[in-house]
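# Inside the fold
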2 protein chains.
Amino acid sequence: MKNIEVCYTPNSIINYKLSNKIIVVIDILRATSTIVTLFSKKATSIIPIETLDECKGYKNKGYVIMAERMGKKVKGFDFGNSPSKILEKDFKNKKIAIATSNGTKTILKTRKSKMTLIGSFLNLTSIVNYLDKQSDDILLLCSGWQGSINLEDTLFAGAIISSISNYTSESDSTIIAKNLYESNKDDIFNIIKKSSHAKRLSSNDNLIDIKFCSQIDKYDLIPYLDNDKLKLL
Amino acid sequence: MKNIEVCYTPNSIINYKLSNKIIVVIDILRATSTIVTLFSKKATSIIPIETLDECKGYKNKGYVIMAERMGKKVKGFDFGNSPSKILEKDFKNKKIAIATSNGTKTILKTRKSKMTLIGSFLNLTSIVNYLDKQSDDILLLCSGWQGSINLEDTLFAGAIISSISNYTSESDSTIIAKNLYESNKDDIFNIIKKSSHAKRLSSNDNLIDIKFCSQIDKYDLIPYLDNDKLKLL
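## Brief notes about the packing of helix H5 (residues 151–163) of chain A against helix H6 (residues 172–182) of chain B
At a closest axis distance of 9 Å, the pairing of H5 of chain A and H6 of chain B adopts a crossing angle of 40°. Considered as vectors, H5 of chain A and H6 of chain B are oriented oblique to each other. The residues of H6 of chain B that touch H5 of chain A, namely those facing Leu151, Glu152 and Thr154 of chain A, are Asp172, Ile175 and Ile176 of chain B.

Below is the structure:
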């Protein structure tokens, strides 16, 4: 039976062998929620990028460029990292390059995985249904915040563990995330509002994002990493 | 008001400034439970040591030497890391040197703290009462297991957070531990039995240890680190 573990911070990924694993990258506030939303708006592909300079370079190649630092859109980019601010836009046939503080860096750490998926509450059941059909071991990789564990990513890891049909786990990492989710699942928005990240994003605009990212199964789609590009599965 | 954070793995301690903090080192199964028990048996002082060779060298200096690897007592040492196996022994006026897989190594990482305390369920209220009187920031440092988060140390961190009178926290690390403790506090032994560490220690002898380490407030004492030696506060 397949094994599941939760890796709570991107740097701890060095403790795991990746080549035999399906990795679900999690950055609920907000990179993975935004990526899922971009695909719902028909984006063709999304390149996750580490540095602002590299991301900016894609403008001349015809890409939509998006970047966030310290929770805000970076000047000179088309968009930041707010899913609610792209809802009225159309990304049909658009290629996107995106650089965020935590999430895109985390995605780039998984290039040696067997398969990397992008998970958020917005596409929870799509992810769970896909994982249920696979026999490979699974690593739920939280982006965290500046090297530390965070609440909203742990909660989502717990939601996957709580929903998946058959698995084993030799690690306490799954018990802790599952317990957090199952004791808070009736009010995802309220528990995420208590997170330190939500407090940092607590302006009114950002509260809209937090509410948006707390919605379960708004979209039925799965982004995955194909070499250096995210595409729709 | 003092700030509290939980550091879930010893290696993540590099993310924190230590010199202004009271650190509580946690290794419920079993190093910190054993150290607390040794002081209840009147040990004079305990030196936490990283390597077996260095620990063995203390035998000729008149120390009781204790060492554990892979959950077992190491050959040639007086004791391993089992608190229940020292209950009938007398350590009055004895100096002890101890090397365990996780716990003693974690203690040694805190030498730059303002104050390092040794915490376990056995001395929970002693620790909480002490912390309640201090105004310094607090870091609850879990030993974990081979670089990953573990259940029993997280649970104890949550017990401290749940019991302490006044604190602030800008970190989700406290919410996650507190939630785990508060949703399991009525049956500490049973939840610890579910931990991966308990499963690794699941022989009958070790079940006695797990039950022993799940007892709350058996002892009213606080070990602290004075340079390289643990002493009673």
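From this point, the narrative continues.
## A look at the relation of the copies chain B and chain A
Overlaying chain B on chain A yields an RMSD of 0.0 Å, the required transformation being a rotation through 180° with an accompanying axial translation of 0.0 Å. Such values leave the two copies arranged in the relation of a two-fold axis. When each C-alpha of chain B is compared by its distance to the rotation axis, Leu180 of chain B comes out closest, at 3.3 Å.

## Comments concerning the side chain of Asn81 of chain B
Along the polypeptide, Asn81 of chain B turns up in the loop between strand E5 (72–73) and strand E6 (95–99). Ignoring anything within four residues of it in the chain, the contact list for Asn81 of chain B reads Arg30, Ala31, Thr34, Glu68, Ile98 and Thr100 of chain B.

## A few points about the environment of Lys178 of chain A
Residue and element names in this part refer to chain A. Structurally, the position occupied by Lys178 is in helix H6 (residues 172–182). Placed 96 residues apart in sequence, Lys178 and Ser82 show a C-alpha to C-alpha distance of 27 Å. The residues touching Lys178, leaving out its near neighbours within four places in the chain, are Gly158, Ile161, Ser162 and Tyr167.

## Section: the interface of chain B and chain A
If you look at the interface, chain B gives 23 residues, while chain A gives 23 residues. Of the roughly 1,800 Å² buried between chain B and chain A on both sides combined, carbon and sulfur atoms contribute 54%. On the chain B side of the contact with chain A, Ile149, Asp172 and Ile176 of chain B bury the most area, a combined 33% of that side's loss. Applying the counting rule to chain B against chain A returns nine residue pairs in polar contact (both at pLDDT 80 or more). Elements with a contribution of two residues or more to the side of chain B that touches chain A: helix H5 (151–163) and H6 of chain B. With six residues, H6 of chain B is the largest single contributor of residues to the side of chain B that touches chain A. In the side of chain B that touches chain A, the residues fall into seven nonpolar, 12 polar and four charged.

## Overview of the pairing of strand E1 (residues 4–7) of chain A
Residue and element names in this part refer to chain A. Residues Ile4 and Val6 of E1 are buried on one face, and the alternating residues Glu5 and Cys7, pointing to the opposite face, are buried as well. As defined by bridge partners, E1 adjoins strand E8 (residues 137–142) across four bridges and the pair is classed as parallel. For Ile4, the partnering residue across the bridge sits in E8 and is Ile138.

Conventions we followed
Residues numbered from 1 in each chain as written. Chains lettered and ligands numbered in written order. Predicted model: local features only at pLDDT ≥ 70, side-chain atom pairs only at ≥ 80, totals over all residues. Heavy atoms only, no water. Axes fitted to C-alpha atoms, helices over the stretch in contact; angles between N-to-C directions. Helix = DSSP H or I, 4+ residues; strand = E, 2+ residues; numbered from the N terminus. Parallel < 35°, antiparallel > 145°, perpendicular 65-115°, else oblique. Contact = heavy atoms within 4.5 Å. Least-squares fit on C-alpha atoms with pLDDT ≥ 70 in both. Buried area = accessible area lost by both parts, 1.4 Å probe. Polar contact = N/O pair within 3.5 Å; in protein donor to acceptor, adjacent residues only side chain to side chain. Nonpolar A, V, L, I, M, F, W, Y, C, P; charged D, E, K, R; others polar. Buried < 20%, exposed > 50% of the residue type's maximum accessible area, 1.4 Å probe, protein only. Pairing = 2+ DSSP bridges.

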